[in-house]
Amino acid sequence: MDEATRERYRRACQEVAAWSGRTPSEAAHEALRLSEEHDAGEPRGRHVGAWLLAEGRARLEASLGCKLPWRARAARFARRHSQGLYVGSLLLVTALLALGIERLLATRGMQPLHRLLLVAILAPQVLDLLQERFELLASRLVRHLEPLPRLEPERVFSPDTRTLVVTPLLVASAEDIDSQLRMMEINYLGNVEPELFFALLTDFRDAPEKDMPADGGLRERLERGLRELNERHGYREQPRFFYLHRERRWNPVARRWMGWERKRGKLEELNRLVLGAEDTSYTGPVPGVVRTVRYVLTLDADTHLLPGAAARLVATLHHPLNRARFDAAGKRVVAGYSMLQPAIADGPTKAAWLSTGGWPLSIARNKRDPRTGMDPAAVHQFLFGSGTFVGKGLYDVAAFARSLEGRLPENFILSHDRIEGMFARVGYVSDVRLFERSPATMASQARIWHRWTRGDWQVLPWLLPWVPSQHGLVRNTLPMFDRWALLSAMRGSLAHPLSFCLLAFGWLCLPASSAGAWTLGAMLWNCRSLLIMGSVDALRAVWRSPSFASLGFVVAQVGRMSLGVVMNHTILLPTTGLMLDAIGRALYGLVFDRSRMLDWTTHAQSSRQGGGLRHLLTLPEVWGALVLALGVGGALAVSNPGALPWACPLLLLWLPHPVMHLLRREPGSAPGVRESPDAERLRTLARGFWELYVRSEEGRTELSPTDLSLGLVAPLSAYHLGYVGLEGLVSRLDESLSVIAGLERHRGHLFERYEARERRPLGPRRISTAESGVLAASLVIVERGLQASRMVCTDEALRVRLGEAEARARALREELDFSFLYDGEAGLFHTGYDAGSGALEGAHHGLLTSGAMLAGFVAIARRQVPLRHWLALTASDQRLRAEGAISLPHDALAEHLLPTLFLWFPPASLLGQAALDAVNAGNGAPQLPAPALRFRPERVAADLQRLADTRTGGARDQAMALAAVANLTCDDILVQHFHRHWQTAWVEGLVYETKDLQ
């Protein structure tokens, strides 16, 4: 077991001992005795944890004569009846408030029919508000949540716990394949385990024929990509990456050829494959490892499996207390879980980070914002003992298949995750997270909402006593609490329609004289959550610091809340149209025609859909808003024209939504050159620096690792700026790589100084960790840059030369071994190493602005040092900066900012703040070095102009200027090369590490 679980067991022994007057050792021995006497046929009862933490606890306490304090008895009563108390209290309070509202309206003389209509609109909203406030209160009150028991993740994998990571994929284009192979590799690199395998579950788009002309080419591309992936990671003979492909089958209900039951069918047929079936729609040979799998970890196409997450999930589900135990009928899981749902967080991307300003984030440890309280899903797990499945998680194949056998009918359910989780019983694992990409546009988000809403309403029959199944109508065995959860999801999709109905009610049913007050009041009520949270923040600020500063915060907060109210109503009509369309389609399918029940558009497909007015008018959020606006506006013009001045602004407020859709930039159309008023001047300067750099290289008397590294980056920068062609680039890089390969090295590292002509080491054979980090980053960039050029090159001879240069860069990169420079106890790198004496230097690198940071990043990516190095480095950096301001001369500042040429330093991150501190520390210098161009563009541009006019800079300054200008004017091209390299991509999230909020 892991340390947290052992500690929980120890606390349980101490608690029982305190209540019984015994010692913890005696309590532990008694629990052990009870477990040994238990029926050997029930493994759960044979585990001591069942007596300390689970159903055996009461017998253990009775055996030891425990006297429970009243608080413990009350807490256990509340936990046993938590579901009934929760739902009952919500319904009771809602009913009382609804009755109060009805009576209040009656005293105001409102007609009975109008009263009933208004109460019907308000009651679900009141219930939503109460449920939201209860969950928020619970998340604030619960200070500590015990994680589920877990085995030791580092030792959990064995043939008995063999796990298959699968990603269901609807293959529609070559881009889908390339994107998914990259994500598969990223997920693998963060979770390299001996018994962990990766598979794509694929099928093609719906079609009028079983086989389509493009199918063969797509399968060939997929097979080629998987073959390259296996070869790159040494799995040529025993593949770790593979795919299972399903043929299209005729669906008589949908009247087309398609993959049977879409994603649900993929997983159900995979489970049958694992359990030995031979009659699935999967075609081709099935790898033997599939038949030996115990657990399946299912991901979506855009899911990032964070480092170590797979092992922690398997270690949790494999713990005896978490393994599924069925009822006497063998159909329902009554203890433990057959599946686990990890926490889902927004994955960081450059665009999302810049648009939001960042958020608390770490891929190396759990991090949460203390202002938001506990994770509501974790509180739900704590209160009710189970979670909600959202489609990404780990499941026990045998238990999951057994719990769902025959339960779900064909051609009926699109979003199956929630109801599957209810039958299979889901445990929520709050301390394991997966990242998921947010949709790039509102149109893509709308497609997802539409699909979710259709799926939520398709399970409407499961609220009833009898439900459809694969064997016809059967009695509904879902508990009332699960049916309540299904109903809550449906109610959530009605939030925007009810808000619009509330506004329309006042305009249509009340006198025109009250339309203004009603509109304002309804708008505030529709934004109740926003206003409550904003008001609480403002009151908290005044309470903590009653001053003019807090008054200014309150004024600003009022402005933000007012803007929020307007923005919420900007999307009210489009979202209402979207939800009503989805609900209508689901209900129509349930009652009349099920042929469109499984309609599905993937995230990738919706992102690629074109724009234009014709496409725009097919979107339900657009035509739905248009119908609602015209319908309500026309009704008002006839029945209550006096309300039109108040209604029209809100009925027209949605119009910017389609305009923004038409003007949005299509994915992939981002320009290669960043528009800047000084872009042309900078490019002119850079051309001059390139000419100077070419001449400066010839007069060198000494070589250093940094100079040689910039000798790789400078030609690549010149190529992207258009100063050298592809053939010239290959020639120069060939020469530079040959020089590096011909120098004497130690474990792949260059020494600090070489004589330029004879190329022999000068002085002590010292290795600088910082300079080796710059060299490693340069090799990564050059390797990726050559690969990108090779992929688009049409000249076969030139492609061969590019491939050879790429292989040489890769070989030099792979020779670099950073492990011997790492101090495992301190978690930091030594500053250097004397190869002559074999001695490491006693000092450590502890700043984020250093080439040693690049060394750490690359070493983590190559698994030469553990991930915790990044935590140690960021902690050291914060500590050193807190101890006092850092003053840097020009040369030292250039060294500190050099990593910004290779790696992205996001604003509001620890890296970004460290770089800004370094730039600020150099403000007193006569001039700032070229890498500061991204932080102080105007000043550095002027400094570069003076450098060009006086021609005083050396080769290093000229190379850095080239790289800085290439990044600024070519969309961070060098940074892109570094981040897109296959080996660094899995740790890209490290750059987003943020400071802990207090």
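Quick look at the structure, then. (Residues numbered from 1 in each chain as written. Predicted model: local features only at pLDDT ≥ 70, side-chain atom pairs only at ≥ 80, totals over all residues. Heavy atoms only, no water.)

**What about the overall build of the chain?**
Scanning the chain for helices and strands turns up 40 helices and 25 strands. If one aligns the C-alpha atoms of the chain with their principal axes, the spans along those axes are about 95 × 80 × 70 Å. In the chain, which comprises 998 residues, the share counted as buried stands at 53%. Here the analysis covers contacts within the chain between residues at least 6 apart in sequence; of these, 76% occur between residues at least 24 apart. By element, 58% of the accessible surface of the chain is carried by carbon and sulfur atoms, the whole surface being about 44,300 Å². Computed over 116 positive and 105 negative side-chain charges, the separation of the two mean positions in the chain equals 6 Å. (Helix = DSSP H or I, 4+ residues; strand = E, 2+ residues; numbered from the N terminus. Buried < 20%, exposed > 50% of the residue type's maximum accessible area, 1.4 Å probe, protein only. Contact = heavy atoms within 4.5 Å. Areas by Shrake-Rupley, 256 points an atom, 1.4 Å probe, with all protein chains shown as cover. Lys, Arg positive; Asp, Glu negative; His and termini not counted. Charge placed at Lys NZ, Arg CZ, Asp CG, Glu CD.)

**Describing helix 5 (residues 57-64)**
Within helix 5, the full set of buried residues consists of Arg-57, Leu-60, Glu-61 and Leu-64. Projected down its long axis, helix 5 shows its buried positions confined to an angular sector of 95°, all on one face. Exposed residues on helix 5 whose side chains face more than 90 degrees from its buried face are Arg-59 and Ala-62. Summarising the contacts, the buried residues of helix 5 are in contact with helix 1 (3-20), helix 2 (24-37), helix 4 (49-52) and helix 6 (70-80). Positioned one or two residues after helix 5, Gly-65 has a phi angle of 70°, which is positive. (Arc of directions from axis to C-beta.)

**As for the layout of surface pockets**
Gaps left between atoms are located by rolling a probe of water-molecule size over the structure's atoms. Quantified by volume, the second largest pocket comes out at close to 880 Å³. Of all the secondary structure elements, the ones that give two or more residues to the lining of the second largest pocket are helix 1, helix 12 (309-317), strand 13 (426-436) and helix 35 (868-882). (1 Å grid on protein atoms, 1.4 Å probe; cavity = no way out; pocket = protein on both sides within 12 Å on 5 of 7 lines; lining within 4 Å. Points joined across faces, edges and corners; volume = space filled by probe spheres on them.)

**Here's the deal with the nonpolar core**
Grouped together as the largest cluster of nonpolar side chains are 158 residues, with contacts concentrated most on Met-853, Trp-870, Phe-902, Leu-903 and Leu-944. Dropping the residues within four chain positions of it, Leu-903 is found in contact with Met-853, Leu-854, Phe-857, Leu-911, Val-975, Phe-978, His-979 and Val-991. Grouped together as the second largest cluster of nonpolar side chains are 39 residues, Leu-244, Phe-400, Leu-486 and Met-490 included. (Core = buried A, V, L, I, M, F, W, Y, C linked by side-chain atoms within 4.5 Å.)

**Remarks on the sheet that holds strand 23 (residues 832-834)**
Taking strand neighbours across the sheet as the criterion, the three strands line up as 20-23-24 in an open arrangement whose pairing is antiparallel. Each end of this open sheet is capped by a strand with a single partner; those strands are strand 20 (766-768) and strand 24 (839-840). Note: strand 20 against strand 23, three bridges, orientation antiparallel. Across the sheet, Arg-766 pairs through a bridge with Asp-834, a residue of strand 23. Each of strand 20 and strand 23 is contacted by helix 32 (residues 769-792), which is oriented at about 60° to strand 20, the strand it contacts most. (Pairing = 2+ DSSP bridges. Axes fitted to C-alpha atoms, helices over the stretch in contact; angles between N-to-C directions.)

**Let's talk about the packing of aromatic side chains**
Under the definition given, this model contains 24 aromatic pairs. For the ring pair Trp-904 and Tyr-992, a centre distance of 5.7 Å and an interplane angle of 70° mean the geometry is edge-to-face. A residue pair is termed long-range when its members are at least 10 positions apart, and Trp-904 in the loop between helix 36 (890-897) and helix 37 (910-921) and Tyr-992 in the segment after helix 40 (973-980) qualify at 88 residues. An identical accessibility class is assigned to Trp-904 and Tyr-992; each is buried. Looking at Arg-79, its charged tip hangs above the ring of Phe-382, at a distance of 4.9 Å from the centre. Here Arg-402 stacks its cationic end above the ring of Phe-326, 4.0 Å away from the centre of that ring. (Phe/Tyr/Trp six-rings, centres within 6.5 Å; stacked < 30°, edge-to-face > 60°. Lys NZ or Arg CZ within 6 Å of the ring centre and 35° of its normal.)

**A look at the packing of helix 29 (residues 679-698) against helix 39 (residues 955-969)**
Interaxial distance between helix 29 and helix 39 falls to 9 Å at its minimum, and their mutual angle equals 145°. Where helix 29 crosses over helix 39, the handedness of that crossing is left-handed. Only Ala-955, Gln-958, Ala-959, Ala-961, Leu-962, Val-965, Leu-968 and Thr-969 of helix 39 make contact with helix 29, whose side of the interface consists of Ala-679, Leu-682, Arg-683, Ala-686, Phe-689, Trp-690, Leu-692, Tyr-693 and Ser-696. The residue inventory of the contact of helix 29 with helix 39, partitioned by class, reads 13 nonpolar, three polar and one charged. (Left-handed = near helix turned anticlockwise from the far one by under 90°. Nonpolar A, V, L, I, M, F, W, Y, C, P; charged D, E, K, R; others polar.)

**Section: empty space enclosed by the protein**
Taken as a whole and assessed by the stated rule, the structure comprises six cavities of 30 Å³ or more. What the second largest cavity holds in volume is close to 70 Å³. Considering the residues around the second largest cavity, the lining is formed by Met-442, Ala-446, Trp-449, Ile-571, Pro-574, Thr-575, Leu-578, Glu-621 and His-657. Put simply, the parts of the chain that give the lining of the second largest cavity at least two residues each are helix 17 (442-458) and helix 23 (572-591). By residue class, the composition of the lining of the second largest cavity is six nonpolar, two polar and one charged.

**Things to note about the pairing of strand 11 (residues 339-346)**
Across two bridges, strand 11 lies against strand 12 (residues 393-396) in antiparallel orientation. Bridging from a neighbouring strand, Met-339 pairs with Tyr-395 of strand 12. Two elements, strand 11 and strand 13, share eight bridges in a ladder whose sense is parallel. The partner of Leu-340 across the bridge, within strand 13, is Gly-427.

**Quick notes on unusual backbone geometry**
Phi angles above zero are rare outside glycine, and Arg-425 is one such case at about 65°. Residue placement: Arg-425 occurs in the loop between helix 16 (417-424) and strand 13. Of note, the phi angle at Asp-972 is positive, near 55°, even though the residue is not glycine. Positionally, Asp-972 belongs in the loop between helix 39 and helix 40.

**Quick notes on the sheet that holds strand 25 (residues 844-845)**
Remark on secondary structure: sheet strands pair via backbone hydrogen bonds, oriented parallel or antiparallel. Strand order across the open sheet formed by three strands is 21-22-25, with antiparallel pairing between neighbours. On the outer flanks of this sheet lie strand 21 (822-823) and strand 25, each paired with one strand and no other. Pairing of strand 22 (residues 828-830) with strand 25, which is carried by two bridges, proceeds in the antiparallel orientation. Within the sheet, the bridge partner assigned to Phe-829 lies in strand 25 and is His-845. Of the strands in this sheet, strand 21, strand 22 and strand 25 are in contact with helix 35, which crosses strand 22 at around 80°.

**Some details on the side chain of Glu-420**
With respect to the secondary-structure elements, Glu-420 resides in helix 16. Discounting chain neighbours no more than four positions away, the residues touching Glu-420 are Arg-264, Phe-389, Phe-400, Leu-404 and Leu-408.

**Brief notes about a nonpolar patch on the surface**
Side chains of Leu-92, Val-93, Leu-96 and Leu-97 sit close together on the surface and give an oily, nonpolar patch of about 350 Å² of accessible area. Take Val-93: it is sitting in helix 7 (residues 82-107). With relative accessibility at 35%, the residue Val-93 sits in the partly exposed group. (Patch = residues over 30% accessible without salt bridge, like charges linked within 9 Å, V, L, I, M, F, W, Y side chains within 5 Å. Salt bridge = Lys/Arg side-chain N within 4 Å of Asp/Glu carboxyl O.)

**Digging into the pattern of salt bridges**
A complete count under the given rule lists 66 salt bridges for this structure. The salt bridge partner of Arg-162 is Glu-195, with a shortest N-O separation of 2.5 Å. With Arg-162 in the loop between helix 8 (112-141) and strand 1 (163-171) and Glu-195 in the loop between helix 9 (174-189) and strand 2 (196-204), this residue pair connects regions lying 33 residues apart in the sequence. Taken as a pair, Arg-162 and Glu-195 share a single burial class, namely buried. Linking Arg-262 and Asp-206 is a salt bridge whose minimum nitrogen-to-oxygen distance equals 2.6 Å. You can see Arg-262 sitting in helix 11 (residues 262-274) and its partner Asp-206 sitting in the loop between strand 2 and helix 10 (215-232), a full 56 residues away along the chain. Judged by its relative accessible area of 26%, Asp-206 is partly exposed. Connected through shared salt-bridge partners, Glu-3, Arg-6, Glu-7, Arg-10, Arg-11 and Glu-146 make up one network.

**Here's the deal with the pairing of strand 12**
The two faces of the sheet receive side chains in turn, since in a regular strand these alternate between them. In strand 12, alternate side chains face the same way, and those of Gly-393 and Tyr-395 on one face and Leu-394 and Asp-396 on the other are all buried. With four bridges connecting them, strand 7 (residues 295-298) and strand 12 associate as antiparallel partners. In the sheet register, Thr-298 faces strand 12, and the bridge partner there is Gly-393.

**Observations regarding the packing of helix 34 (residues 851-861) against helix 35**
With their axes 10 Å apart at the nearest point, helix 34 and helix 35 run at an angle of 160° to one another. Relative to helix 35, the element helix 34 is oriented roughly antiparallel. Where helix 34 crosses over helix 35, the handedness of that crossing is left-handed. Facing Met-853, Gly-856, Phe-857 and Ile-860 of helix 34, the residues of helix 35 in contact are His-869, Trp-870 and Leu-873. (Parallel < 35°, antiparallel > 145°, perpendicular 65-115°, else oblique.)

**Describing the environment of Gln-787**
You can see Gln-787 is positioned in helix 32. Distance from Gln-787 to Arg-799, taken between C-alpha atoms, is 9.5 Å for residues twelve residues apart in sequence. Among the polar contacts listed, one links the side chain of Gln-787 to the side chain of Arg-784, at a separation of 2.8 Å. (Polar contact = N/O pair within 3.5 Å; in protein donor to acceptor, adjacent residues only side chain to side chain.)

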